[in-house]
Every structure is written in structure tokens, then in C-alpha cells.
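The lines below spell out each chain.
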Amino acid sequence: MTRLFRRRRDLSQLELGFGAAPPRDADELLERLRQLGLTRIKRCRLTRNRNVMVSFGAGELRVHEGYLDASENVLRAIVTFVEGRTRAERRAAQRVIVAHPIRTRPPARRDRTHEEDLEIAEKLGDWHGRYNNRHFHGRLKRVPIRISRRMKSRLGHYTASTPVGESAEIAISRSHLRKHGWEETLHTLLHEMVHQWQDETGHTIDHGASFRAKAREVGIAPYARRVLATRPGRAEGSQTLGRRAARDG
Ligand SMILES: [Zn+2]
């Protein structure tokens, strides 16, 4: 397996435009590369791994999807990377390949709180303020609380603000509230607030040592997952739900 990792982003390159319509998928890309001299590859797959730009082995070529809009010059370099006879040739090709800027897809737009859930969101917002005073010296920022009807396996989620200006937020699963009740939902809110605290105090957002220590301090379970019983009186019986680890927040 030969892989080409991305190293730098700031290399400039000569763009050679030939006016051909850009390939739209892996097959079209393979077709295009064959026109440019690729012979050793039987299959082509598009990837999204941000670190690996191009890799090949066993007749398969994997290319980051960001290369679909690459210039002819860059596509030729991919061919040379695979087929090149000399090391120097392949090296030069690598430089051209990694210089191609990858445009990552914009993140999916966050959904909004359903109109009927606004009241719950507001109530949780009040609790956010209360918990903030009680456990964080009132130092946490006010963040919007969103009720998600999509979240099924996760109870809650803290999202840090993004460099493009989207604010931080806490999302709480509506089905969690319905299945497990208000007390458990408040527990989840506090869990997410510990992630918020991690974020705002420069800790990594995870379930590591800083999370565990703070979770104990504020009186919640210091774990990524919680196993919860469905609240009594509901038809589903004793259903359990795990909280997902790490990024879920
Ligand atoms: Zn968490």
C-alpha cells in the first residue's frame, strides 16, 4: 500500500485548465485518470479521510473526494504518483498533489428546536443559569439550548463554537426526555455543561480526567455512558440507553 499524506497547504502550483467537465464520482474520476495515462488501477474509491490524499495498492486507488474538482495538472500528478518510473518523478508529483486545496464540505446545518419544544428549551435554559451559578460560579457563557427530535441514541450533545462563527450550543434529545423524564434530562444538561466548562477553560472536550473530576464535583455520574431505565408507567418496559462516548459531548 502506498499512501500519500498531506503535509503542507501553502504550496503554490501552476493550474492548467483544459476545460473538461470535472468528474462527479469515482468511476468518472478513474475514467479521466485513464485518459491521462493511468493503467495499473482497476478500481477507484473516494475517501473523506482528511489526512490521506491518495493511496493505492492491489489494483485499487483511493482518492480524497476533494480531488474531484482538481485541475488537469493535479490529476496528471496522481497518474504520475501511481505510474511514475523514477523516484524524482513521483516526488515532484507528490508535491503537486498535496498542494491541491481540499475544500471540505460545509457542516450540515443544525436543525432548529421544534415550535412545540420551545417551552422545554426555555426551561432548560433557566436550569442552565441555575446550574451555572451553583456549580460554575456563574462563569459559563449563556449558550442556546436546542431540543433535538433527531437524536435517538444520544442523550445530549455539546457543540463548541466554530471558527466560521456558529455559536456553541447544547442539544438535548427529546426522546430522552420523554423516555427518562425530567430529572435524568437535567442530569444530561449538567453533563453537557461539564463539556462546556472543559471547552471554555481550555481543556479537551472528552471524558478524561478533567471531565471525571468536574463531574464528581458537580454531582453527576463521571462517565460517558449512562444506562437508564425507562421511566415507570411507559409502555416500552425497561429499556436501557447508553450514552455515547467522546465526541457526542
Ligand atoms: Zn459527554
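One numbering rule holds for all chains: residues counted from 1, following each sequence as written. The predicted nature of this model means local features are confined to residues of pLDDT at least 70 and side-chain atom pairs, given and counted, to a pLDDT of 80 or more, with totals for whole chains, interfaces and linings taken over all residues.

## Section: the overall build of the protein
Thinking step 1. Each helix is a run of H or I in the DSSP string that is no shorter than four residues. Each strand is a run of E no shorter than two, and both are numbered from the N terminus. Scanning the protein from N- to C-terminus turns up six helices and seven strands.
Thinking step 2. Placing C-beta atoms from the backbone, we regard two residues as in contact once those atoms come within 7 Å. Sequence-distant contacts in the protein: of pairs separated by 6 or more residues, those separated by 24 or more amount to 56%.

## Quick word on the pairing of strand 3 (residues 52-57)
Thinking step 1. In this sheet, strand 4 (residues 60-64) lies alongside strand 3 in antiparallel orientation, the contact comprising four bridges. Across the sheet, Val54 pairs through a bridge with Val63, a residue of strand 4.
Thinking step 2. A pair of strands is treated as paired once DSSP finds two or more bridges between them. Linking strand 3 back to strand 4 in an antiparallel pair, the connection comprises two residues, with Ala58 at a positive phi of about 50°.

## Thoughts on the sheet that holds strand 5 (residues 145-148)
Thinking step 1. Across the sheet, which stays open at both edges, the three strands sit in the order 5-7-6 with mixed pairing between neighbours. Where the open sheet ends on each side, the last strands, each with one partner, are strand 5 and strand 6 (156-159). Strand-to-strand, the axes of this sheet are offset by a mean angle of 20°, without reference to chain direction.
Thinking step 2. In terms of strand pairing, strand 5 meets strand 7 (residues 169-173) through four bridges, oriented parallel. Directly across from Ile147, in strand 7, lies its bridge partner Ile172.
Thinking step 3. Here, axes are lines fitted to C-alpha atoms. For helices the fit covers the stretch in contact, and angles between N-to-C directions go from 0 to 180 degrees. Packed on one face of the sheet, helix 4 (residues 118-136) meets strand 5 and strand 7 and runs near 140° to strand 5.

## Here we look at unusual backbone geometry
Thinking step 1. Even without glycine at this site, Ala58 takes up a positive phi of about 50°.
Thinking step 2. Locating Ala58 in the fold gives a position in the loop between strand 3 and strand 4.
Thinking step 3. On the basis of neighbour counts, which here come to 8 C-beta atoms within 10 Å, the residue Ala58 falls in the exposed class. To assign burial, the other C-beta atoms lying within 10 Å of each residue's own C-beta are counted, with C-beta atoms placed from the backbone; 20 or more indicates buried, 12 or fewer indicates exposed, and intermediate counts indicate partly exposed.

## Some thoughts on the packing of helix 4 against helix 5 (residues 174-200)
Thinking step 1. It is at 10 Å that the axes of helix 4 and helix 5 come closest, and there the two elements cross at 50°. Taken together, the axes of helix 4 and helix 5 lie oblique to each other. Handedness of the crossing formed by helix 4 with helix 5: right-handed. Note on element contacts: helix 5 touches helix 4 through Leu177, Leu186, Leu189, Leu190, Met193 and Trp197, opposite Ile120, Leu124, Trp127, His128, Tyr131 and Phe136.
Thinking step 2. Under the convention adopted here, Pro, Cys and the residues Ala, Val, Leu, Ile, Met, Phe, Trp and Tyr are nonpolar, Asp, Glu, Lys and Arg are charged, and Gly plus all remaining residues are polar. Taken together, the residues of the contact of helix 4 with helix 5 sort by class into 11 nonpolar, one polar and no charged. Roughly parallel here means an angle under 35 degrees, roughly antiparallel means over 145, roughly perpendicular means 65 to 115, and every remaining angle is called oblique. In this scheme the handedness of a crossing depends on how the near helix is turned from the far one: anticlockwise by less than a right angle means left-handed, clockwise means right-handed.

## Observations concerning the packing of helix 5 against helix 6 (residues 209-218)
Thinking step 1. The interhelical angle for the contact between helix 5 and helix 6, taken along N-to-C directions, is 130°, at an axis separation of 10 Å. As judged from the angle between their axes, helix 5 and helix 6 are oblique. Here the hand of the crossing between helix 5 and helix 6 comes out right-handed. Contacts between helix 5 and helix 6 involve Leu190, Val194, Trp197 and Gln198 from the first element and Ser210, Phe211, Lys214, Ala215 and Val218 from the second.
Thinking step 2. Partitioning the contact of helix 5 with helix 6 into residue classes produces six nonpolar, two polar and one charged.

## A look at the environment of Ala224
Thinking step 1. Considering the arrangement of structural elements, one finds Ala224 in the segment after helix 6.
Thinking step 2. For the pair Ala224 and Arg212, spaced 12 residues apart in sequence, the C-alpha separation works out to 9.3 Å.

## Structural notes on helix 3 (residues 87-99)
Thinking step 1. Over its 13 residues, helix 3 extends 18 Å from the first C-alpha to the last, a length consistent with the 18 Å expected when each residue adds 1.5 Å.
Thinking step 2. Those residues of helix 3 that sit buried are Ala93, Gln94, Val96, Ile97 and Val98. One less than the residue count of a helix, multiplied by 1.5 Å, gives the span that helix is expected to have.

## Quick look at the nonpolar core
Thinking step 1. Defined on buried residues, the nonpolar core groups Ala, Val, Leu, Ile, Met, Phe, Trp, Tyr and Cys residues joined through C-beta atoms within 7 Å. Of all hydrophobic cores here, the largest spans 20 residues; its most connected members are Leu33, Val54, Val63, Ala77, Ile78, Phe81 and Ile97.
Thinking step 2. Of all elements in the fold, only helix 1 (26-35), strand 3, strand 4, helix 2 (72-83) and helix 3 reach the threshold of two or more residues within this core.
Thinking step 3. If you tally residues by element for this core, the top one is helix 2, at five residues.
Thinking step 4. Counting residues in each nonpolar core, the second largest holds 16 residues, with Val143, Ala171, Leu189 and Met193 among its members.

## Here's the deal with the confidence of the model for the protein
Thinking step 1. pLDDT measures the predictor's confidence residue by residue and takes values from 0 up to 100. Averaged over the protein, the pLDDT score is 83; the fraction of residues at 70 or greater is 82%.
Thinking step 2. Across the protein, element-level confidence peaks in helix 4 with a mean pLDDT of 97 and bottoms out in strand 1 (residues 2-5) with 68.
Thinking step 3. Within the model, the stretch residues 8-18 combines pLDDT values under 50 with 18 contacts to residues more than four positions away or in other chains.
Thinking step 4. Within the model, the stretch residues 233-249 combines pLDDT values under 50 with 37 contacts to residues more than four positions away or in other chains.

## Overview of the environment of Asp206
Thinking step 1. Looking at the secondary structure, you find Asp206 in the loop between helix 5 and helix 6.
Thinking step 2. Given 15 C-beta atoms within a 10 Å radius, Asp206 is considered partly exposed.
Thinking step 3. Taking the C-alpha atoms as reference, Asp206 lies 9.8 Å from Val194; in sequence the two are 12 residues apart.

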